[in-house]
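# Tertiary structure, described
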Amino acid sequence: MSARLARLNTPFVRDMAGPGFAFLAVLIVFSLASPQFLSAATFGSVAFQLPELGLLTLAMLMPIITGGFNLAVTFTANMAGLTVAWILQANGGVEASPAVFLVAVIAAIAVGALAGFVMGVVIAFTRAHPILVSLSMMIFLRGLGEFLTRGGDVSGFPDFVHPIGHGSLLGIPVPMLVFLLGVVVWHVMLTRSRLGFNTYMIGSNIEATRYSGINTRRVVILVYTLSGLMCAIAGIIMMARFNSVRVGHGESYVLITVLACFLGGVHPDGGFGKALPVFVALVDLQMLSSGLNILGANQHLATAVWGLLLITVMICRWLVVRVRSNLAYGRK
Amino acid sequence: MDETVGDKPLLSLRNINITFGGVRALRDVSFELRAGEVHCIAGENGSGKSTLIKIITGVYRPADGAEIEFAGKRYAHMSPVQANAGGIKVIWQDLALFPEMSVAENIAFSEVVGRGVRLVDYDRIRAIALAALARLGVSLDVDAPLKAFPIAQRQIVAIARALVGEARIVFMDEPTASLTQSETDNLLAIVRNLAASGVAVVFVSHRLAEVLDISSRITVLRDGRLVGVYPAEGMTQSRITELMTGRTFDAQVRAASRQDRPVVVAVDGLSRPSQFSDISFEVRQGETLGITGLLGSGRTELAMTLFGMLKPAAGSIRLDGQPVHFSSNRDAIDAGIAYLSEDRLSLGLIQAQSIADNLVIASLGRILSGGLIAPDKKAGLVARWIADLGVKIGKPEDAISTLSGGNQQRVAIAKWLATKPRLLILDAPTVGVDVGARAGIFDIVARLADSGLAIILISDEVPEVYFNADRVLHMAQGRVVGCYDPRAYTLHDIEAAVYG
């Protein structure tokens, strides 16, 4: 028994234990509470709603691992969405060709990456706190976007944009496919690439990392640029899902992305955190929300339950650490 | 001598046992302290020094059967309140002061806050602080915020605070760790005054020279057991080391001439304004160049310039005869220069991360496969160096902070050896490393030199460079003021020049 337990004590299992346990808890509780919960419809709604929050959470993940933050994720996404919308409008609106759309997507990704790059440069060179830098960027982008759109919606896209938000491929929603791809790329980058390695090291001790011959400024700039790029992808998906772009869409997601990271075991001080547990944590949150919805609970109540879940997880983690250290003492 | 120094000890402990999670941290230890003496507790990390102090100050409770006698009263164990009220004070290494508050507030803190007084009487605070400082024979601006003072003065503030109220025993944990030589001398003078006024001082320090200088008796602990209590008179550093480690170290000068070997690095007229100027030397293959000098002599800045992290204002660095200009330490690493930082805790290693990651961080390029880190190559590199340098670890995934100072330093050296350097700069490689483990570090250094590596060994402890380097440069105020061949000089000659 203890040998089997010991074999389970790998870093992967330890990372997945928290969100995995929450997954099972949500699954069991709602299956018992409602016979409709374990249905294709539930999973369909999870799969359609998850990607926006998920992609933004991936954008938040790498800055948090470096010990920073990117509070500008949602407005960066809005700006990228606006970029696509304007380019489409200026080139025929609903009549625009796929080639125009492709150009628009590339431009949007460039806009997102640029927003991240600017934050990265400021953080890397001035050593200003990432919360302040990204907060400034967030306010700048919001103001700029509201000024340019006069606070209104931009809509009227060609028909072929619709499947990006609502279509399915092999039974899996397209936004979900994009998100899954993002998770895989982020996972490989964090666990296997030099950039990922350096991201963790910087999160624990940026000076010691610099003394080890790593260009820490370059890494920080790259991390925020990639974060901005991921925001842009989220922005394009959101545009296709809502069929319109409006500055402020998804604004409430910012703090949820931070909490999803922590639920997924990302260390609040930086240095530790993996993409896959964060993915499971996101699924937990979305299932919880869908489950409450099926039970007829108010959407606001669902948000309150998310908060409760996160507090519960923090208390459980504390308990696990205590029990584990007691066991370690006992063994000696 | 004061008349309070009598035969009857002020404090005595017998049959002290304590167990933490099944490990016996102290085994049948006894300890005795007389009023007016400076008593040193010596022992390696983990020998039980701090556990013993914590029992005396009431933090830990010893196992049944312990006998504690303090000021004529017997206790089975002491509570922190009893210890404090009885005048047993501790100055921990981190001082536990409040940098934003004034000197006076820091000194009088416990007197004012501890008494539950609701209104603050600043005149009384100043009076308490001035009285405590006067007792030490020190004058400081008591109204200035503590953060305005360097560490040496903060140390004095911490001592003054301990004296407020009736101090009978003062414990000082590594009080000189971050002081320069002259600051240390000042502190030792204050400690002597304190002892002369009848207070018993318990002094814990890694620096054996000052232990011998200041204390009258030395209690040596090893692996939680009492080795013995010895008068400082007639004791030598090497004898204490033997008692602490249970091994003998015969220090022998390793120096030899390497003039026939090719020059690896040649520095000519290297200068940086207000840090160092006109530094010239050569290091040959297999040669160890020692650089010694006090803190602020410019030795670390010189090392960081060689490592590409600072740019020289004048002068040249040549590697194998070719002039080199580094724009970052990455350039220096790629050219074959490695620099082991003097600050292992915050610059040398990333404490929270794993042993394996710390080991490969500077040589990621060597474990890539198809642009990604190859886990098998990484594991192979780690396993090889762990074995080669004899590092004692649990698993490579464990945090490096779980290792002892000596083993951490071995990993830090391995990290740099993995970059395949030609010149290895070791800046204070034994800071925070136990006496026993130091010898192991220098064995590694000797082996590396024999394998042809050029080494620059920087230390403010003259014996380290004297016994382990082929030549010793003495730096002071940014200049090379002396160059010694250890075969032609005695240790005392060089120490007199450096510390004198």
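### Let's talk about the interface of chain B and chain A
- The partner chain A presents 22 residues to the 32 residues of chain B that form the contact.
- Where chain B abuts chain A, roughly 2,200 Å² becomes buried across the two surfaces, and 64% of that area is made up of carbon and sulfur atoms.
- Here chain B is connected to chain A by zero salt bridges.
- Here chain B is connected to chain A by nine residue pairs in polar contact (both at pLDDT 80 or more).
- At the level of secondary structure, the elements contributing two or more residues to the side of chain B that touches chain A comprise α10 (329-335), α11 (344-348), α12 (355-360), β18 (372-373), α13 (375-388) and α14 (405-417) of chain B.
- No other element matches the three residues that α10 of chain B contributes to the side of chain B that touches chain A.
- Counted by class, the side of chain B that touches chain A contains 21 nonpolar, seven polar and four charged residues.

### Regarding the sheet that holds strand β21 (residues 471-476) of chain B
Residue and element names in this part refer to chain B.
- Taken in spatial order, the six strands make up an open sheet running β16-β19-β20-β13-β21-β22, and their pairing is mixed. Edge positions in the sheet fall to β16 (337-340) and β22 (479-484), since each of these pairs with one other strand and no more. With strand direction ignored, the average angle separating the axes of adjacent strands in the sheet is 20 degrees.
- As defined by bridge partners, β21 adjoins β22 across five bridges and the pair is classed as antiparallel. Its bridge partner being in β22, Met475 is matched across the sheet by Val480.
- Contacts from helix α15 (residues 435-450) reach β13 (288-292), β19 (423-427) and β20 (454-459), with the element oriented near 150 degrees to β20.

### Thoughts on the packing of helix α4 (residues 73-90) of chain A against helix α5 (residues 98-126) of chain A
Residues and elements named next belong to chain A.
- Where α4 contacts α5, the two axes come as close as 8 Å, and the packing angle between them is 150 degrees. Accordingly, the angle class assigned to the pair α4 and α5 is roughly antiparallel. Judged by the twist between their axes, the crossing of α4 over α5 is right-handed. Across the interface between the two elements, Thr76, Met79, Ala80, Thr83, Val84, Ile87 and Leu88 of α4 pack against Val100, Phe101, Ala104, Val105, Ala107, Ala108, Val111, Gly112 and Ala115 of α5.
- Partitioning the contact of α4 with α5 into residue classes produces 13 nonpolar, three polar and no charged.

### Structural notes on the pairing of strand β7 (residues 169-173) of chain B
All names here are of chain B.
- For β7, the tally of buried residues reaches five of five residues, placing the bulk of the element in the interior.
- Here β7 shows no split at all, with Ile169, Phe171 and Asp173 on one side and Val170 and Met172 on the other all buried.
- As judged from the four bridges shared by strand β6 (residues 88-91) and β7, these two strands associate in the parallel manner. Paired with Val90 across the bridge in β7 is Phe171.
- Strand direction decides the pairing type here: β7 and strand β8 (residues 200-204), joined by five bridges, are parallel. The partner of Ile169 across the bridge, within β8, is Ala200.
- In the classification by handedness, the crossover that spans β7, the intervening helix α6 (residues 181-196) and the parallel β8 is right-handed.

### Focus: the sheet that holds strand β12 (residues 276-284) of chain B
Residue and element names in this part refer to chain B.
- The four strands lie next to each other as β12-β11-β14-β15, forming an open sheet whose pairing is antiparallel. Of all strands in the sheet, those with a lone pairing partner are β12 and β15 (322-323), marking the two edges.
- In the sheet, strand β14 (residues 314-319) pairs with β15 via two bridges, with the strands oriented antiparallel. Across the sheet, Arg318 pairs through a bridge with Pro323, a residue of β15.
- Of the strands in this sheet, β11 (263-272), β12 and β14 are in contact with helix α9 (residues 299-306), which crosses β12 at around 60 degrees.

Here is what the cut-offs are and how they apply
- Residues numbered from 1 in each chain as written.
- Chains lettered and ligands numbered in written order.
- Predicted model: local features only at pLDDT ≥ 70, side-chain atom pairs only at ≥ 80, totals over all residues.
- Heavy atoms only, no water.
- Contact = heavy atoms within 4.5 Å.
- Buried area = accessible area lost by both parts, 1.4 Å probe.
- Salt bridge = Lys/Arg side-chain N within 4 Å of Asp/Glu carboxyl O.
- Polar contact = N/O pair within 3.5 Å; in protein donor to acceptor, adjacent residues only side chain to side chain.
- Helix = DSSP H or I, 4+ residues; strand = E, 2+ residues; numbered from the N terminus.
- Nonpolar A, V, L, I, M, F, W, Y, C, P; charged D, E, K, R; others polar.
- Pairing = 2+ DSSP bridges.
- Axes fitted to C-alpha atoms, helices over the stretch in contact; angles between N-to-C directions.
- Parallel < 35°, antiparallel > 145°, perpendicular 65-115°, else oblique.
- Left-handed = near helix turned anticlockwise from the far one by under 90°.
- Buried < 20%, exposed > 50% of the residue type's maximum accessible area, 1.4 Å probe, protein only.
- Right-handed = clockwise from strand over helix to strand, strands pointing away.

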